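# Summary of the model geometry
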Amino acid sequence: MAYPMYEVDWSVLPPEQNRRFNPAFNIATIKQVVNEAIERVAPVSVRMPTPTRLRDLIRQIRAARTAAEERSVVNKECAYIRSTFREEDSVWRCRNIAKLLYIHMLGYPAHFGQLECLKLIASPRFTDKRVGYLGAMLLLDERQDVHLLITNCLKNDLNSNTQFVVGLALCTLGAIASPEMARDLASEVERLIKSPNAYIKKKAALCAFRIIRRVPDLMEMFLPATRSLLTEKNHGVLITGVTLITEMCENSPDTLNHFKKIVPNLVRILKNLILAGYSPEHDVSGVSDPFLQVKILRLLRILGKNDAEASEAMNDILAQVATNTETSKNVGNTILYETVLSIMDIKSESSLRVLAINILGRFLLNNDKNIRYVALNTLLRTVHVDTSAVQRHRTTILECLKDPDVSIRRRAMELSFALINGQNIRSMMKELLTFLERSDAEFKAHCSSAMVLAAERYAPSNKWHLDTLFRVLLKAGNYLRDDTVSSTLQIVSVAAPERQAYAAMRLWTSLERSAVSGDATEKQPLVQVAAWTIGEYGDLLVSEASNAISMVDEDGVDDFVRPSEEYVIDVYQKLLWSTQLSINTKEYLLLSLAKLSTRFTTQPSQDKIRVIIDTFGSHIHIELQQRGVELSQLYRNYAHLRPALLERMPAMEAAGGAPALDEPEPEPQPAHTADHVADALLDLIIGSDSLTNGDIEHNPQAPPSNNNTSSNDILDLLSGLDLSGAAPASLLNNNVSAPPASQPQPQPQAMLLDGLFASPAVTAPPTQELASVTALDKNGLLVVFLVSRAAAGAELTMRATSTAPHTLTDFLFQAAVPRTFQLDMMSPSGTVLPPQGEITQVLKITNPSRTALRLRIRVSYNVEGSPVLEQAEVNNFPPELFY
Amino acid sequence: MMQFMLLFSRQGKLRLQKWYVAHPDKLKKKITRELITTVLARKPKMCSFLEWKDVKIVYKRYASLYFCCAMEQEDNELLTLELIHRYVELLDKYFGSVCELDIIFNFEKAYFILDELVLGGELQETSKKNVLKAIAAQDLLQEDETVDAALREVGLL
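Residues numbered from 1 in each chain as written. Chains lettered and ligands numbered in written order. Predicted model: local features only at pLDDT ≥ 70, side-chain atom pairs only at ≥ 80, totals over all residues. Heavy atoms only, no water.

Stated formally: UniProt positions are given in the numbering used here, feature names are shortened, and annotations may be inferred rather than shown by experiment.
The name given to chain B in an unreviewed UniProt entry is AP complex subunit sigma, and the organism recorded there is Mythimna separata. Recorded in UniProt under Sequence similarities (unreviewed entry), the annotation for chain B is "Belongs to the adaptor complexes small subunit family." Among the UniProt annotations of chain B, the heading Subunit (unreviewed entry) holds the following wording: "Adaptor protein complex 1 (AP-1) is a heterotetramer composed of two large adaptins (gamma-type subunit AP1G1 and beta-type subunit AP1B1), a medium adaptin (mu-type subunit AP1M1 or AP1M2) and a small adaptin (sigma-type subunit AP1S1 or AP1S2 or AP1S3)."

Looking up chain A in an unreviewed UniProt entry gives the name AP-1 complex subunit gamma, with the organism given as Chrysodeixis includens.

## Observations regarding the overall build of chain B
For clarity, the cut-off: Per the convention used, a helix needs a DSSP run of H or I reaching at least four residues, while a strand needs a run of E reaching at least two, with both numbered from the N terminus. Residue contacts are defined here by distance: any two heavy atoms, one from each residue, within 4.5 Å place the two residues in contact. Working definition of accessibility: Shrake-Rupley area with a 1.4 Å probe, residue cover restricted to the visible protein chains.
Broken down by element type, chain B carries five helices and seven strands. Secondary structure elements of chain B occur, N-terminal to C-terminal, as β-β-α-β-β-β-α-α-α-β-β-α. Across chain B, contacts joining residues at least 24 apart in sequence account for 48% of those joining residues at least 6 apart. Counting only carbon and sulfur atoms, one obtains 55% of the accessible surface of chain B, whose full area is about 5,600 Å².

## Points about the overall build of chain A
What counts, and what does not: Burial classification: accessible surface area is computed with a 1.4 Å probe over protein chains only, and a residue below 20% of its type maximum counts as buried, one above 50% as exposed, and the rest as partly exposed.
Counting its secondary structure elements, chain A contains 38 helices and ten strands. Relative to its 883 residues, chain A shows a buried fraction of 56%. Long-range contacts, defined here as pairs at least 24 residues apart, represent 67% of the contacts in chain A between residues at least 6 apart.

## What to know about the interface of chain B and chain A
Inclusion rule: Buried area: the accessible area, evaluated with a 1.4 Å probe, that two parts lose upon being put together, summed over both parts. Each reported salt bridge corresponds to a side-chain nitrogen of Lys or Arg within 4 Å of a carboxyl oxygen of Asp or Glu. Polar contacts, as used here, are pairs of N or O atoms within 3.5 Å; protein pairs need one atom able to donate a hydrogen and one able to accept it. Residues neighboring in sequence count only if both atoms are side-chain atoms. Residue type decides the class: Asp, Glu, Lys and Arg count as charged, Ala, Val, Leu, Ile, Met, Phe, Trp, Tyr, Cys and Pro as nonpolar, and the leftover types, Gly among them, as polar.
Opposite the 81 residues of chain B that make contact, chain A presents 92 residues. When chain B packs against chain A, close to 8,000 Å² is buried across both sides, 58% of that on carbon and sulfur atoms. At the surface where chain B touches chain A, the tally comes to nine salt bridges. Between Arg-213 of chain A and Glu-72 of chain B there is a salt bridge, with its nearest N and O atoms 3.2 Å apart. Inspection of the chain B/chain A interface yields 27 residue pairs in polar contact (both at pLDDT 80 or more). Contributing elements (two or more residues each) for the side of chain B that touches chain A: β2 (14-19), α1 (25-41), β3 (49-52), α2 (77-95), α3 (100-105), α4 (107-117), β7 (122-123) and α5 (128-153) of chain B. Element by element, the count of residues in the side of chain B that touches chain A is highest for α5 of chain B, at 21 residues. A breakdown of the residues in the side of chain B that touches chain A according to their chemical character gives 35 nonpolar, 14 polar and 32 charged.

## Let's talk about the sheet that holds strand β10 (residues 866-874) of chain A
All names here are of chain A. Let me state the cut-off plainly: By definition, two strands form a pair when at least two bridges between them are found by DSSP. As a rule, the C-alpha atoms of each element are fitted with a line to give its axis, helices using only the stretch in contact, and angles between N-to-C directions run from 0 to 180 degrees.
Ordered in space as β6-β9-β10, the three strands form an open sheet in which the pairing is antiparallel. The strands lining the two open edges of the sheet, one partner per strand, are β6 (808-816) and β10. With direction set aside, neighbouring strand axes in the sheet form an average angle of 15°. Two strands pair when backbone bridges link them, and strand β9 (residues 855-863) and β10 are joined in this way by nine bridges, in the antiparallel orientation. Bridge assignment links Leu-855 to a residue of β10, and that residue is Val-874.

## Let's talk about the packing of aromatic side chains
Stated precisely, the cut-off is as follows: Each aromatic pair joins two rings of Phe, Tyr and Trp (for Trp, the six-membered one) with centres within 6.5 Å, and gets the label stacked for planes under 30 degrees apart, edge-to-face for over 60, and tilted for any other angle. Here, over-ring charges are defined by two tests on the NZ atom of lysine or the CZ atom of arginine: distance to the ring centre within 6 Å, and angle to the ring normal within 35 degrees.
Counted under the stated rule, the structure contains 17 aromatic pairs over all chains. Judged by centre distance (6.1 Å) and plane angle (80°), the rings of Phe-67 of chain B and Tyr-87 of chain B are edge-to-face. One end of the pair, Phe-67 of chain B, is in strand β5 (residues 65-71); the other, Tyr-87 of chain B, is in helix α2, with 20 residues separating them in the sequence. For Tyr-87 of chain B, a relative accessible area of 1% puts it in the buried group. Feature note: the residues Tyr-102 of chain A together with Phe-107 and Tyr-111 of chain B constitute an aromatic cluster, connected by ring pairs. When the ring centre of Tyr-635 of chain A is taken as reference, the NZ or CZ atom of Arg-642 of chain A above it lies at 4.1 Å. In this structure, Lys-53 of chain B is placed above the aromatic ring of Trp-52 of chain B, and the distance from its NZ or CZ to the ring centre is 4.4 Å.

## Quick notes on the packing of helix α2 (residues 54-63) of chain A against helix α4 (residues 93-105) of chain A
Residue and element names in this part refer to chain A. Formally: Roughly parallel covers angles under 35 degrees, roughly antiparallel covers those over 145, roughly perpendicular covers 65 to 115, and oblique covers all other angles. The sense of a crossing depends on the near helix, which, turned anticlockwise from the far helix by less than a right angle, makes the crossing left-handed and, turned clockwise, makes it right-handed.
The geometry of α2 relative to α4 is characterised by a closest axis approach of 9 Å and an angle of 25° between their N-to-C directions. Between α2 and α4, the angle falls in the class roughly parallel. You can see that α2 and α4 cross each other, and the crossing is right-handed. The residues of α4 that touch α2, namely those facing Leu-54, Leu-57, Ile-58, Ile-61 and Arg-62, are Arg-95, Ala-98, Lys-99, Tyr-102 and Ile-103. Of the residues contributing to the contact of α2 with α4, the split by class is seven nonpolar, no polar and three charged.

## Focus: the pairing of β5 of chain B
Remark: a regular strand shows side chains that alternate across the two faces of the sheet. Residues and elements named next belong to chain B. In terms of residue burial, β5 counts as a mostly covered element, since seven of its seven residues are buried. Side chains Leu-65, Phe-67, Cys-69 and Met-71 of β5 all project onto a buried face; the interleaved residues Tyr-66, Cys-68 and Ala-70 project onto the opposite face, where all are buried too. Of the strand pairs in this sheet, strand β1 (residues 2-9) and β5 are connected by seven bridges, and their pairing is antiparallel. Residue pairing across strands places Leu-7 opposite Phe-67, the latter belonging to β5. The sheet contact formed by strand β4 (residues 55-62) and β5 spans seven bridges and is antiparallel. Pairing of Tyr-62 across the sheet is with Leu-65, part of β5.

## A closer look at the environment of Val-859 of chain A
All names here are of chain A. Within the secondary structure, Val-859 is located in strand β9. Residue classification places Val-859 among the buried positions, given a relative accessible area of 0%. Excluding anything up to four places from it in sequence, Val-859 contacts Leu-776, Leu-781, Val-783, Phe-811, Leu-812, Phe-813, Val-868, Leu-869 and Glu-870.

## Observations regarding the packing of helix α15 (residues 290-304) of chain A against helix α16 (residues 308-324) of chain A
Each pair of packed helices gets described by two things: the angle between the helix axes and the distance between those axes. All names here are of chain A. One way to put it is that α15 packs onto α16 with a least axis distance of 9 Å and a crossing angle of 150°. Relative to α16, the element α15 is oriented roughly antiparallel. Regarding α15 and α16, the two cross each other, and that crossing is left-handed. Residues Leu-297, Leu-300, Leu-303 and Gly-304 of α15 touch α16, and the partners they reach there are Ala-310, Ser-311, Met-314 and Leu-318. Class assignment of the residues belonging to the contact of α15 with α16 gives a composition of six nonpolar, two polar and no charged.

## A look at a nonpolar patch on the surface
Residue and element names in this part refer to chain B. Note the threshold: Grouping into patches uses exposed residues only, defined as over 30% relative accessible area, and leaves out salt-bridged ones; the cut-off is 9 Å for like charges and 5 Å for nonpolar side chains (Val, Leu, Ile, Met, Phe, Trp, Tyr).
A cluster of nonpolar side chains, namely Leu-151, Val-154, Leu-156 and Leu-157, defines an oily patch on the protein surface of about 370 Å² accessible area. Within the element layout of this structure, Leu-151 appears in helix α5. With relative accessibility at 30%, the residue Leu-151 sits in the partly exposed group.

## Observations concerning unusual backbone geometry
For Asn-779 of chain A, which is not glycine, the phi dihedral falls at a positive 50°. Summarising the element assignment, Asn-779 of chain A is placed in the loop between β3 (771-778) and β4 (781-790). Residue Ala-63 of chain B is not a glycine yet carries a positive backbone phi of 50°. By the element assignment, Ala-63 of chain B lies in the loop between β4 and β5. You can call Ala-63 of chain B exposed: its relative accessible area is 66%.

Here it is in structure tokens:
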């Protein structure tokens, strides 16, 4: 029964206050007397039975053996607590709230205690206030309207004579201050910063810190009181003062300049900390107040950034800290870590930088995982400052890729990508490929796209580039980002003919292997790329003429076996028959197979292809069925069209900086750059009224953009990338939702043409529209949305262009939509916007409610070191965007 | 700045939660649930840091309890470990070799101690002595009130 309340270490209290061990004045005895007294009096004044004590409730709940049992105990108690709240009974309110807080921690609803907390706060008793404020911090936050009711109580208590009541109020304000509350109470807090009482001063300083966080405009009023905080001796006041100043400096460049003059003060405080002898009060394993040291080092970093004079003033002390700090314990490394960050960020002497990098090198070899993690983290932050110094640790970093700890692997991966350059690309990629193969799913997407980018940037040769891409395809499997498929196809399509043959042969080996081992489902992007390439260059794959091409790969292995035409088709059949492959992949395979019919020459293979294509005429999936029927027509009534229609694709243009979307400038008529297949098609239907496909003939201003890929996958089959070369594909595209061509037609002669070139007015899906909406035009920054419809909603492409004279860095575009919409933002093309440069970012919006789109945007960037924030609301989207 | 601090047991039971950012209750519960699962799944040899959503989780296990802080990107992870350790030391001093049961049965005291150490997500006091002194003085204030009320109740005052 008598569970000890607590074993306080009373030594912190002066003996005259230590009443606990005075036998004549034993608290436990007194409590017993009180309880008995209250229980005696209670039935008269209170109708309720004595409530369960907190301790007993916790015991009961812990004794519950099942979740249901626990729930019933809690429900019973909650019902009881609610009824006491109704009774306006104040005797047990404090205890009941305490119980409610415990129940709340278990995850049960406790919102009905909010108002009771306010009543407790308003009580004159300290016990009530203490529990009341605790409850307020746990149960209230700025999302509840009730929280505004607390403002008045806080204001009263901030003026209390008891320092602990003021302390409670400040603590609560610091935890749950909303912007409204911050505005109402800022002046009280400012007054308390100037209080002579250190206990109140430090709390008020942190309150001010929170207030500025919430409402940056309120900073001005705290400025005068803040500077004097640094003249205090009390470490609590010092550390909160430094925290407050740090926040202010990060808040505005003007304040940052204002505080430049405190650098000598900070240096002096830091020096005193290091040089002062042992002080038991602030010592942590031999280091004097590491908390304060770190805060000061961080503030110095902010003050010294881009400022030679301030940096000069702190060079000495940083060197002193870096050399004199004891490193055998975590606390010493904590300080070194912060020191290194400061050295790298300010304009420090080069010898100091060498010292810092060496410290990181030591960190990297440390046995403690935590230290290794911060080393990697810091190297990543400094790699742009001094790449060559970080390069020296490359082997260690690559070693960290194999670490069992995901946190360390993630850092090592990012650092590895930062270290890749033209000289080490081969060896780095080899390591990263091994990493990619073994890494968790969450890394694969990021790692593979970073590898594709690095390969593109530093590829020592075309062959190496292709080899690397194919390996990434093989190892990243389905985690590969969609655009990698199209960009790989583009690279293959522009390669030299013998390189294309090499690609076909290399991909054939991978395709055949995954078809045989049955893991093609996990590598669908690979299957797609392989299908496209083999379809295009199948003749080179089987031809003896390609024997001259060396198939020795990066590892010096040549495992290519030239397949027979029939074996290729057998493998295709196996894949097409598989139930696991996605429709998209099968579409690639089916069209590729049709293409092979014009590449392969032997009769048995032709017959096989025809049989397979025919079977798709009755495929359960409408899209594949359609394709099957159309392609089999190319064997029957339109056999003469087949060779021309299935001719090799022309070289595709690179997608440029933004792989997700085309450049919006009007291109020259796409049909001109398209191959003669398109011309042949156009010739066939010249003069025909059914040619209403505006993409090519009537609307050269709006080139087909590849943001509609999801709605017309088939388009990719022919073009891979629907850039300018997509013209014939666009023509084919119109029949995506056309009725199956096998339907009885009045003019069977016109069937194929109907299927292929049906008038969009009748059967085609609504074509996408490209509208552009200007969202922001300010200070030379122009933000425009290119609006188009996509399969599942709308797709907006944000294009930010700058005519400002300076480069905008840390460019961040954010957008918000009303709750009925769903917004999916792709990653931006970059964060740095040079003059005349451009950043694009794709936003996918789905709108189940079909209401008009409203979009709120926020753009932030740094220009010449000062941050700029712009906001705007965009309402003028075309109303027909969602239909 | 610390965004929140959670204490939970090896069985995944929440023992203490302190939020310095305003989230709806539902989100808090979701974060708590996900985080507890993620942290408990990590092996003891792994490092104490975890990049999780947009925060950095710094956690450390003391006996059967996990102390877990969500920090912002700029914060010093190693210092957060020191902060956790400082809190544990304070609990230990206050309860006298603290154990999980102390924190379960006296959770409000654990909150009071934390509130004297951290305010608004930032450290407010670097001296252990000062924190304990403030707590003890407030406990005393409460006890004085109890005594007062008792004496009043039995008619001695």
